[in-house]
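Observations on the model geometry
Residues per chain, in single letters:
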Amino acid sequence: MRQNQARRAALLDAAIDVLAREGARGLTFRAVDAQAGVPGGTASNYFANRDDLLTQAGVRVYEHLEPDAETVARSLEGARDRERVKQLMHELVERVSTYRAGYLALLELRLEATRRPGLCDVLTPRIRADVDANIGYHLNSGLPGDATAVTLLYLAMNWLIVERLTLPGVFGEEQARELVERAVERLIPEG
């Protein structure tokens, strides 16, 4: 059966919204159909089972999180120094934080992967590839800092994003900005 790719994408976006709002336990074909505003039974025509839906939702989150070509090109503009790394980290935290549903869905998927080996098998290489791509990009761009510093920034920024999205009262906006500044200063050499 030929499938409508736009509808498939809409169903996956609806699945992401359901994951973010209801958690993995709330992700059902019926909930996805309702969120997408399509007739009941539609999602089951596009996804073999719930595991397939969970896995493809994870892939879709990354499609949304990937920076576009313009963002990547802009990141290469300007000086290649610690101040530029600070700017890039602020932009990263802001860009990812604005896709709240996607990031929360990804957290749900990570938790679900601890119970579903198939999902773990999909997410592990995808996230490892993301880390490796970030390290490679940073090193190839001429920005200061080594692979360990980039990995530590990745971990720090991810947890800061988790705090902003789940418990925003833990660190206010100014304190979060200050933490990004201090993390870069401590991990990236000057000049």
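A short note on the overall build of the protein chain
- Summing up its helical and strand segments, the protein chain has 10 helices and 0 strands in all.
- In the protein chain, the order of α-helices and β-strands from amino to carboxyl end is α-α-α-α-α-α-α-α-α-α.
- If you line up the protein chain on its principal axes, its C-alpha atoms span 60 × 35 × 30 Å.
- A total of 191 residues make up the protein chain; the buried ones form 39% of that total.
- For the protein chain, the exposed area adds up to about 10,500 Å²; of that, 54% sits on carbon and sulfur atoms.
- Averaging the positions of the 24 positive and the 28 negative side-chain charges in the protein chain gives two centres separated by 5 Å.

Side note on the environment of V72
- Looking at the element boundaries, V72 is found in helix α5 (residues 69–75).
- In this structure, the C-alpha to C-alpha distance between V72 and Y137, residues 65 residues apart in sequence, is 9.8 Å.

What about the layout of surface pockets?
- A volume near 1,100 Å³ is recorded for the largest pocket.
- For the largest pocket, the lining is made up of 36 residues, of which L92, R95, D130, N134 and Y154 are closest to its centre.
- Listed by contribution, the elements that provide at least two residues to the lining of the largest pocket are α4 (50–65), α5, α6 (82–97), α7 (100–113), α8 (117–141) and α9 (147–166).
- With 9 residues, the single largest contributor to the lining of the largest pocket is α9.
- Grouping the amino acids of the lining of the largest pocket by side-chain chemistry returns 23 nonpolar, 5 polar and 8 charged.

A look at the packing of aromatic side chains
- Overall, the coordinates contain 1 aromatic pair when judged by the stated rule.
- Aromatic pair Y46 and F47: ring centres 6.5 Å apart, planes at 45°, arrangement tilted. The burial state of Y46 is the same as that of F47; both residues are buried.

Section: the nonpolar core
- In terms of nonpolar packing, the biggest core is built from 52 residues, with L19, L27, V32, M89 and L153 touching the most fellow members.
- Those elements that place two or more of their residues in this core are α1 (5–22), α3 (42–46), α4, α6, α7, α8, α9 and α10 (173–187).
- Among the elements that take part in this core, α9 stands out by supplying 9 residues, more than any other.
- Excluding its chain neighbours within four sequence positions, the residues that come into contact with M89 are L153, M157, V180 and V184.

Conventions and cut-offs
- Residues numbered from 1 in each chain as written.
- Predicted model: local features only at pLDDT ≥ 70, side-chain atom pairs only at ≥ 80, totals over all residues.
- Heavy atoms only, no water.
- Helix = DSSP H or I, 4+ residues; strand = E, 2+ residues; numbered from the N terminus.
- Buried < 20%, exposed > 50% of the residue type's maximum accessible area, 1.4 Å probe, protein only.
- Areas by Shrake-Rupley, 256 points an atom, 1.4 Å probe, with all protein chains shown as cover.
- Lys, Arg positive; Asp, Glu negative; His and termini not counted.
- Charge placed at Lys NZ, Arg CZ, Asp CG, Glu CD.
- 1 Å grid on protein atoms, 1.4 Å probe; cavity = no way out; pocket = protein on both sides within 12 Å on 5 of 7 lines; lining within 4 Å.
- Points joined across faces, edges and corners; volume = space filled by probe spheres on them.
- Nonpolar A, V, L, I, M, F, W, Y, C, P; charged D, E, K, R; others polar.
- Phe/Tyr/Trp six-rings, centres within 6.5 Å; stacked < 30°, edge-to-face > 60°.
- Core = buried A, V, L, I, M, F, W, Y, C linked by side-chain atoms within 4.5 Å.
- Contact = heavy atoms within 4.5 Å.

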